[in-house]
Amino acid sequence: MTANTTTSLRTSARTLAAQARPVPQDFVLGVATAAYQIEGARHVDGRTDSIWDTFAHTPGAVVGGDNGDVACEHHTRYAADVELMKSLGMQSYRFSTSWSRVCPDGGPINAKGLDFYERLVDSLLEAGIAPWLTLYHWDLPQALEDRGGWTSRETVDRFVDYSLAVHDRLGDRVRTWTTLNEPFCSAFLGYTAGMHAPGRTSPADGLAAAHHLLLAHGRVVQELRARDASLELGLTLNFTVADPLDPSDPRDVDAARRIDGQMNRIFLDPVFRGEYPADLLEDVRHLGLEDHILDGDLEVISTPIDVLGVNYYNGEAIGHEQPESALDDALNGGRETRSPFPAADSAHRHPRGLPVTAMDWEIQPEGLTRLLVRLQQEYAGPAGVALHVTENGAAFDDVADGEGFVDDRGRTAYVRAHLGAILDAVDAGVPVRGYFYWSLLDNFEWAWGYAKRFGIVRVDYDTQVRTPKASALDYARIIATRQLLPAGDAVATDDRGDTPAGGSEA
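Residues numbered from 1 in each chain as written. Predicted model: local features only at pLDDT ≥ 70, side-chain atom pairs only at ≥ 80, totals over all residues. Heavy atoms only, no water.

Read across the open sheet, the three strands follow the order E7-E9-E10; overall the sheet is mixed. Unpaired on one side and paired on the other, strand E7 (242-244) and strand E10 (348-350) mark the two borders of the sheet. Each neighbouring strand pair of the sheet contributes to a mean axis angle of 50°, computed without reference to strand direction. In the sheet, E7 pairs with strand E9 (residues 316-319) via three bridges, with the strands oriented parallel. Across the sheet, Pro 244 pairs through a bridge with Ile 318, a residue of E9. (Pairing = 2+ DSSP bridges. Helix = DSSP H or I, 4+ residues; strand = E, 2+ residues; numbered from the N terminus. Axes fitted to C-alpha atoms, helices over the stretch in contact; angles between N-to-C directions.)

Encoded structure:
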């Protein structure tokens, strides 16, 4: 390296430092995972099959015929994974418990299943990492699906039983409890689109499932609140920002309204306002949603919460006509599927020429700012509910070097840009309290199997060696320094000394 090059690098470093944006000291930075995507140990210690075990073993359901039988072997490697998080400085870890591990077949409590989560939580606390527990991340016991699944009100009762069993064991150590992760996906990708487990393609079933998921959420919040008023309780929703392709065309405006109603407001309004949106009810009146809404349901669903988890990956431009070229993010390995939206046949997503991830999802950080401002103004703010961004991340076509290291500048820039979008919302008066990157590890990416990698830590699926990527090192620096550098300056780095970037057999 020449003297001129060294001087240039030092000057560039000083310039970047001057452009750095402070991250509030009380802003929590962490990572997220889900049980089925990382644990493996399909039939270990009493665990029985969930709908995702069944779905993943159905020909054509998952790209490549992949399944979660082994996944990342987190069930046996959890202690080393916690040490890895500690080495990266993670302040909080959002994980889910497996219903099929805790209450196999949706029935009696399995002590060995709870033993695993007790060991995990104790390891997190010993490492100084705050556990954030999600009770349901899509892995309904198959035995309950055989009795109707989320289209049956019985499943609500069984979910309460399971949730209280988890709280009996962990309630003294876990302060933040999320009932559901992304009920839109559980209900509409699973019961209407056929893209996710259990693979049904019924608009009416999706609406029934959505209502019962919300009812299960409200019931569990009531029960946990009665047990311990100090707990921080809530749920996590995934959102889109639906913009009309042509705001002057009423057909595009109506198409965007339908997507907003059937993805965002169908969950927000019952939780925060105790009612379904009137326009949504009119749109789906022929599909029987109101037949499932019994007296008192909405009062239960709107039981006050403390925290709303915000999952955001991208927004979309919605038009009433099909685009000439579409974004290609099909979610299945060859099955027949349909739109997840029960009553939005004339609503189509149009590409806007934005950069895209390996999922063909547009990269739109400013949409996150607008979303957070809207949620604060219309829902969370009036209710006094805290906002956390509980999922945000990107899959890219990672290329590892001979040591397993991935110089993922695109992901590094993505994280910086979206953290910047959150800070823009904070500057606009939205008190966002934290950010969880999705995901800690490359893992089983649902219907995409192992074909897509979201992790900031690379997993070699043949050896299970974990190797932090450049994005992990950059995220660790953000946590340690509380300084966010501009997204456009996410350059390659060989500085792996401050954080363990070498391969680990964790």
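Additional details are given in the paragraphs that follow.
What follows covers the confidence of the model for the protein. Per-chain confidence: the protein averages 94 in pLDDT, with 92% of residues scoring 70 or above. Within the model, pLDDT remains below 50 along residues 1-14, and this stretch shows two contacts once partners closer than five positions in the same chain are excluded. Here residues 492-506 is a poorly scored stretch, pLDDT under 50, and it has 39 contacts once near neighbours within four places are set aside; other chains count. (pLDDT = per-residue confidence, 0-100. Contact = heavy atoms within 4.5 Å.)

Let us now look at the packing of aromatic side chains. What the rule picks out here adds up to 30 aromatic pairs. Consider the rings of Tyr 136 and Trp 150, whose centres lie 5.4 Å apart with planes at 75°: the pair is edge-to-face. Of the two residues, Tyr 136 is situated in strand E4 (residues 130-136) and Trp 150 in the loop between helix H7 (142-145) and helix H8 (154-170); the sequence distance between them amounts to 14 residues. Residue class for Trp 150 comes out buried when judged on its relative accessible area of 0%. Of the aromatic side chains, those joined through ring pairs into one cluster are Tyr 36, Trp 52, Phe 55, Trp 138, Phe 444, Trp 446, Tyr 450 and Tyr 461. Over the face of the ring belonging to Trp 448 we find Lys 452, whose NZ or CZ atom lies 4.6 Å from the ring centre. (Phe/Tyr/Trp six-rings, centres within 6.5 Å; stacked < 30°, edge-to-face > 60°. Buried < 20%, exposed > 50% of the residue type's maximum accessible area, 1.4 Å probe, protein only. Lys NZ or Arg CZ within 6 Å of the ring centre and 35° of its normal.)

This part takes up the environment of Asp 474. Mapping Asp 474 onto the fold places it in helix H16 (residues 470-481). Residue class for Asp 474 comes out buried when judged on its relative accessible area of 10%. Expressed as a C-alpha distance, the spacing of Asp 474 and Leu 485, which sit 11 residues apart in the sequence, is 9.5 Å. Excluding anything up to four places from it in sequence, Asp 474 contacts Thr 412 and Arg 416. Side chain to side chain, Asp 474 and Arg 416 meet in a polar contact 2.6 Å long. (Polar contact = N/O pair within 3.5 Å; in protein donor to acceptor, adjacent residues only side chain to side chain.)

One closed barrel holds the eight strands; their spatial order is E2-E3-E4-E5-E6-E8-E11-E12, and the pairing between them is parallel. Mean inter-strand twist for the sheet, computed between neighbouring axes without regard to direction, equals 25°. Sheet analysis places strand E5 (residues 176-181) next to strand E6 (residues 232-239), joined by four bridges and oriented parallel. Considered in E6, the bridge of Thr 176 is made with Glu 232.

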